[in-house]
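Spelled out, the chains give:
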Amino acid sequence: MNITGLERTAEELVAEGKGILAADETPETLTKRFAQLQIDSTPDSRRIYREMFFTTPDVAEFISGVILQDETIRQKSSAGPSLVEVLMRNGIIPGIKVDKGAKGFAGRPGERITEGLDGLGDRLKEYRQMGARFAKWRAVIHIAEGLPTTACVRANAHALARYAALCQEQGLVPIVEPEVMMEGSHTILRCEEVTGNVLQATVEALFEQNVSFEGMLLKPNMVVPGKDAQRQASAREVALHTLRCLRRHVPAAVPGIVFLSGGQDALTATTHLNAINQLAGPKPWKLSFSFGRALQDEALIAWQGKEKNVQSAQQAFSHRARCVNAAALGDYASATEGDLAA
Ligand code: 13P
């Protein structure tokens, strides 16, 4: 794929308020989520769980792409064709998580660096042959006293930029995900400061590695106070701080910003995305979603690992996807939750 092809895919992923389902939890992470509901975690139960989302009727109206995991991209659906084929037939673009996880950052207790650059070019080539058209790499930044360090922010930004350049070389749209975590008791202003520093370092590294901004998507956190902060923020405050931060640090050439949900519940993530889109002032990029938990949690609870619950789980997913799509267009209202459920 040339640069124009990358631009087209990036734009398609954020067209008409559509966004991305992040279904790329590692088997270990999904096993932990299943365990909370006493659901057995096997390659087959994970495949059934993923297939339930991918075959939800009409979901392509709201979901443009799905991020898969190495295990999933190699699996076949219950009807025979690969899960990748199932997605493509339903009009959904397959993507793939390609980082190898956030590991301890040497000599810096409490910080992490994302690994996976060695041999990445060859892995991307294989994934593209399997049908993937975009990829994801997640960097993890923690806020605490004295953290993050500049060393950790720069090392993660550099890895994100190397990954993004390799993706574009192999014809995949990179989703660049620097996640500032919600754990902690910091204020919203502190989150804005750290998120700004992280985005600035990331954008500079992307520029240095000659990454085409038009052919990528950014996947940041929303700017929110720490989970344990004494004072939580209103949706309007989250929108004001998030947009101010993005305007200061993200080039207008980037076609779309697809937020992660980061542990916000489904309603909160939807309300925040809507508030961000409703705020007045310049928004040169599409502001959409690439949620994992906020899109899956209600369906997972409805499913409980049981075949007889598949339909109600798909309804829960379809409803959330519809609400989040409305939020990406700034058309969501809490009343919509009920209207859209009908
Ligand atoms: P959450 O929306 O659950 O944060 O997941 C998004 C994601 O892809 C994390 O890497």
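It should be noted that the structure appears before, not after, this text.
Residues numbered from 1 in each chain as written. Predicted model: local features only at pLDDT ≥ 70, side-chain atom pairs only at ≥ 80, totals over all residues. Heavy atoms only, no water.

### Structural notes on the overall build of the protein chain
Alright, step 1. Check the secondary structure of the protein chain and you find 13 helices and 10 strands.
Alright, step 2. Computed over its C-alpha atoms, the radius of gyration of the protein chain comes to 19 Å, within 12% of the 20 Å expected for a compact globule of 342 residues.
Alright, step 3. Along the first, second and third principal axes, the C-alpha set of the protein chain runs to 50 × 45 × 40 Å.
Alright, step 4. Each of the 342 residues in the protein chain was classed as buried or not, and the buried ones make up 58%. (Helix = DSSP H or I, 4+ residues; strand = E, 2+ residues; numbered from the N terminus. Rg over C-alpha atoms; globule rule 2.2 N^0.38 Å. Buried < 20%, exposed > 50% of the residue type's maximum accessible area, 1.4 Å probe, protein only.)

### Topic: the sheet that holds strand β3 (residues 93-97)
Alright, step 1. Spatial strand order, β1-β2-β3-β6-β7-β8-β9-β10: eight strands in a closed barrel with parallel pairing.
Alright, step 2. Sheet topology note: the strand β8 (residues 217-218)/strand β9 (residues 256-259) ladder contains two bridges and is parallel. From the neighbouring strand, L217 faces β9, where its bridge partner is G256. (Pairing = 2+ DSSP bridges.)

### As for the pairing of strand β2 (residues 63-68)
Alright, step 1. The element β2 is largely enclosed, with a buried count of six among its six residues.
Alright, step 2. Taken together, the four bridges between strand β1 (residues 19-22) and β2 define a ladder with parallel strand orientation. Directly across from A22, in β2, lies its bridge partner I67.
Alright, step 3. Bridge analysis of β2 against β3 gives four bridges, and the strand direction is parallel. Among the inter-strand pairings, V66 is bridged to a residue of β3, identified as P94.

### With respect to the environment of V176
Alright, step 1. Within the secondary structure, V176 sits in strand β7 (residues 173-180).
Alright, step 2. Since its relative accessible area comes to 0%, V176 is described here as buried.
Alright, step 3. With 38 residues separating them along the chain, V176 and R138 place their C-alpha atoms 7.0 Å apart.
Alright, step 4. If sequence neighbours within four positions are ignored, V176 has contacts with W137, L160, Y163, A164, T202, L206, M216, L217, L218 and K219. (Contact = heavy atoms within 4.5 Å.)

### Topic: the site of the ligand
Alright, step 1. In the vicinity of the ligand, 13 residues are found, and the nearest of them are K136, K219, S261, G262 and R293.
Alright, step 2. Within the side chain of K219, one N or O atom sits 2.6 Å away from an oxygen atom of the ligand.
Alright, step 3. R293 places a side-chain nitrogen or oxygen 2.7 Å from an oxygen atom of the ligand.
Alright, step 4. Contact with the protein chains hides 91% of the accessible area of the ligand, taken as 300 Å² for the molecule alone. (Near = heavy atom within 4 Å. Polar contact = N/O pair within 3.5 Å; in protein donor to acceptor, adjacent residues only side chain to side chain. Areas by Shrake-Rupley, 256 points an atom, 1.4 Å probe, with all protein chains shown as cover.)

### Focus: the side chain of E51
Alright, step 1. Within the element layout of this structure, E51 appears in helix α3 (residues 43-54).
Alright, step 2. By relative accessible area, which is 9% here, E51 ends up buried.
Alright, step 3. In contact with E51, not counting residues within four places along its chain, are S77, S78, A79 and L83.

### Focus: unusual backbone geometry
For residues that are not glycine, phi is negative in most cases, and the peptide bond is trans in most cases.
Alright, step 1. In this structure, the amide linkage connecting L147 to the following residue, P148, adopts the cis form with an omega of 5°.
Alright, step 2. Locating P148 in the fold gives a position in the loop between β6 (134-141) and α7 (150-169).
Alright, step 3. Non-glycine residue Q304 carries a positive phi angle of around 60°.
Alright, step 4. Here Q304 is to be found in the loop between α11 (293-303) and α12 (310-328).
Alright, step 5. According to the relative accessible area criterion, Q304 is partly exposed, its value standing at 29%.

### A closer look at the pattern of salt bridges
Alright, step 1. By the definition in use, this model includes 19 salt bridges.
Alright, step 2. Notably, a salt bridge pairs R138 with E179, separated by 2.6 Å at the nearest N-O pair. Of this pair, R138 sits in strand β6 while E179 sits in strand β7; the two residues are 41 residues apart in sequence, bridging distant segments of the chain.
Alright, step 3. Look at R138 and you get partly exposed, because its relative accessible area is 25%.
Alright, step 4. For the salt bridge of E183 with K227, the shortest nitrogen-to-oxygen distance reads 2.7 Å. Taken together, the residues span a long stretch of sequence, with E183 in the loop between β7 and α8 (188-208) and K227 in the loop between β8 and α9 (235-249) at a distance of 44 residues.
Alright, step 5. Under the relative-accessibility criterion, K227 is labelled partly exposed at 43%. (Salt bridge = Lys/Arg side-chain N within 4 Å of Asp/Glu carboxyl O.)

### So, the nonpolar core
Alright, step 1. Residues F54, I63, Y163 and F291 are the most contacted members of the largest nonpolar core, which totals 111 residues.
Alright, step 2. In contact with I63, not counting residues within four places along its chain, are K18, G19, L21, I92, F289, L295, F317 and A321. (Core = buried A, V, L, I, M, F, W, Y, C linked by side-chain atoms within 4.5 Å.)

### So, α12
Residues spaced three or four apart along an α-helix point in a common direction, a consequence of the helix completing one turn every 3.6 residues.
Alright, step 1. Between its first and last C-alpha, α12 extends 27 Å over 19 residues, near the 27 Å set by a 1.5 Å rise per residue.
Alright, step 2. Burial of α12 is extensive: 15 of the 19 residues sit out of reach of the surface.
Alright, step 3. G330, located one to two residues past α12, shows a positive phi value of around 70°. (Expected span 1.5 Å × (residues − 1).)

### Quick notes on α7
Alright, step 1. For α7, built from 20 residues, the straight-helix expectation of 28 Å at 1.5 Å per residue is met to within 8% by its first-to-last C-alpha distance of 29 Å.
Alright, step 2. All buried positions along α7 are accounted for by C152, V153, N156, A157, A159, L160, A161, Y163, A164, L166, C167 and Q168.
Alright, step 3. Its buried side turned inward, α7 meets α1 (3-13), β5 (112-114), α6 (120-129), β6, β7 and α8.
Alright, step 4. Downstream of α7 by one or two residues, G171 has phi in the positive range, about 80°.

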